[in-house]
Amino acid sequence: MIETKNLTKKFDSFTAVDSLDLRIETGEFFGLLGPNGAGKTTTISLLSTLLLPTEGEILIDGQTLGRNRPDLKRKISVITQEYSMRQDMNMDEIMEYQGRLYFMPRKEIKRKTEELLDFCGLLPFRKRTVRKLSGGMKRKLMVCRALLTSPEILLLDEPTAGMDALSRRQMWNLLRQLNGKNLTILLTTHYMEEAQSLCNRVALMDHGKLEEINTPSGLIDSLGKYTVDQETPEGAKSHYFHSREEAISFLSSLDGQCTLRETTLEDVFVERAGRHLMQR
């Protein structure tokens, strides 16, 4: 279990994360959502101890996490937005290097490498250097590297950024399988479809503050399960309804081009972001 209490990170006069209180259960797939600058990546950096908090604390299974707790840090693996791998190494070399950093026995490194590369569908490409891998293969290799030490918590910062649609769906399936093995996963993403498809719960952040924690379906229901998109002279406009009957009744009163569909988490995000922009 991950818990943050009053977690705050300031850079001089700028507060990147502001009094964040989170509780993520063991085995949960949890999402951090918000616009650029919301504090998502800073939160991941704090949870990985790359950054230290200005105030507050992080608890892993009830124990305070810090750089002086290698036993707790070993429970956590991080996959960053950037491809942080040597371009001239092949997959086996990347995995061996990672294992040696954690003082793993060589036989264990080889066994786990075989198992993980096979699990991610990378065995046929194991001798390719990183520079010759596709973006999707690099992301999968980063997952393999992160899982080598058998972590209990996986922190993912925009794991499918830059991927094509097929590679993204493959990554989703991989993450679902990992979560099915009771791996706790914390995800930041700008792809709302990704969060809606994968996450048990999501937290909405803005300007470092926690706004709401809910299930994707709970957030959608609060806006309205059905959406009518209307083309107007000013551009597209969306109207939200809690029942299909209300949506159809409204739709029948409209002239011009309009459509009825189910509301998505992206609609929630756009509505919230638009409301914030109007308030500033």
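Residues numbered from 1 in each chain as written. Predicted model: local features only at pLDDT ≥ 70, side-chain atom pairs only at ≥ 80, totals over all residues. Heavy atoms only, no water.

Topic: the packing of helix α3 (residues 91–101) against helix α4 (residues 106–119)
Rules: Axes, fitted as lines to C-alpha atoms, cover a helix only where it is in contact. Angles between the N-to-C directions of the axes lie from 0 to 180 degrees. Strands are runs of DSSP state E lasting at least 2 residues, helices are runs of H or I lasting at least 4, and numbering of each runs from the N terminus. In this scheme, roughly parallel covers angles under 35 degrees and roughly antiparallel covers those over 145, while 65 to 115 is roughly perpendicular and the rest are oblique. Crossing chirality is assigned from the near helix's rotation relative to the far helix, an anticlockwise turn below a right angle marking it left-handed and a clockwise turn marking it right-handed. Working rule for contacts: check all heavy atoms of both residues, and any pair within 4.5 Å makes them a contact. Any residue that is not Ala, Val, Leu, Ile, Met, Phe, Trp, Tyr, Cys, Pro, Asp, Glu, Lys or Arg is counted as polar, Gly included; the first ten are nonpolar and the last four charged.
The contact between α3 and α4 brings their axes to 10 Å, and the two run at 130°. Comparing the axis directions of α3 and α4 gives the class oblique. Along this stretch, α3 crosses α4, giving a crossing that reads as right-handed. In this structure, α3 contributes M91, D92, M95, E96, G99 and R100 to the contact, and α4 contributes R106, I109, T113, L116 and L117. The residue inventory of the contact of α3 with α4, partitioned by class, reads five nonpolar, two polar and four charged.

Structural notes on the domain arrangement of the protein chain
This is how the line gets drawn: Note: domain ranges come from an automatic or database domain assignment. Note: buried area is the sum, over both parts, of the accessible area (probe 1.4 Å) each one loses when the two are combined. For this document, the term salt bridge refers to a Lys or Arg side-chain nitrogen within 4 Å of an Asp or Glu carboxyl oxygen. Polar contact is defined as a pair of N or O atoms within 3.5 Å, subject to the rule that within protein one atom must be able to donate a hydrogen and the other to accept it, and that residues adjacent in sequence are counted only when both atoms are side-chain atoms.
As assigned here, the protein chain comprises domain 1 (1–214) and domain 2 (217–276). Taking the mean C-alpha position of each, domain 1 and domain 2 sit 34 Å from one another. Across the domain 1 to domain 2 interface the summed buried area is about 950 Å²; carbon plus sulfur atoms make up 68%. Three residues stand out in domain 1 for area buried against domain 2, namely M192, Q196 and L204, and they jointly supply 47% of the buried area on that side. Run the count over domain 1 and domain 2 and you get one salt bridge. Residue R272 pairs with E212 through a salt bridge whose shortest N-O separation is 2.5 Å. Our count for the domain 1 to domain 2 interface comes out at two residue pairs in polar contact (both at pLDDT 80 or more).

As for the packing of aromatic side chains
Formally: Any two rings among Phe, Tyr and Trp, with Trp reduced to its six-membered ring, count as a pair given centres within 6.5 Å; such a pair is stacked if its planes are under 30 degrees apart, edge-to-face if over 60, and tilted if neither. Here, over-ring charges are defined by two tests on the NZ atom of lysine or the CZ atom of arginine: distance to the ring centre within 6 Å, and angle to the ring normal within 35 degrees.
Going through the model one piece at a time under the given rule, you end up with one aromatic pair. Seen from the ring of F11, K9 lies directly overhead, with NZ or CZ sitting 5.3 Å from the centre. Across from the ring centre of Y191, 3.9 Å away, lies the NZ or CZ of R168, which sits over that ring.

Focus: a nonpolar patch on the surface
The condition that has to hold: What goes into a patch is any residue over 30% in relative accessible area without a salt bridge, connected to like charges within 9 Å or, for nonpolar side chains (Val, Leu, Ile, Met, Phe, Trp, Tyr), within 5 Å. Working definition of accessibility: Shrake-Rupley area with a 1.4 Å probe, residue cover restricted to the visible protein chains.
Taken together, Y97, L101 and Y102 make up a surface patch of nonpolar side chains, about 310 Å² in accessible area. Inspection of the secondary structure assignment puts Y102 in the loop between α3 and α4.

Remarks on the UniProt feature "domain: ABC transporter" (unreviewed entry) in the protein chain
As a reminder, the rule being used: UniProt positions are given in the numbering used here, feature names are shortened, and annotations may be inferred rather than shown by experiment.
Under the present numbering, the feature "domain: ABC transporter" (unreviewed entry) in UniProt falls on residues 2–232. Taken end to end, residues 2–232 has its terminal C-alpha atoms 47 Å apart, with 35% of it in helix and 29% in strand.

Quick word on the environment of E158
Worth spelling out the cut-off: Think of it in three bands: with a 1.4 Å probe and only protein chains considered, a residue is buried below 20% of the maximum accessible area for its type, exposed above 50%, and partly exposed in between.
Along the chain, the position of E158 falls in the loop between β7 (153–157) and α6 (165–180). Classification of E158 by relative accessible area gives buried; the value is 7%. C-alpha of E158 to C-alpha of E82: the two residues are 76 residues apart in sequence and 9.2 Å apart in space. Among all residues touching E158, those that are not within four sequence positions of it are K40, Q81, R139, T188, T189 and H190. At 2.8 Å, the side chain of E158 and the side chain of H190 are in polar contact.

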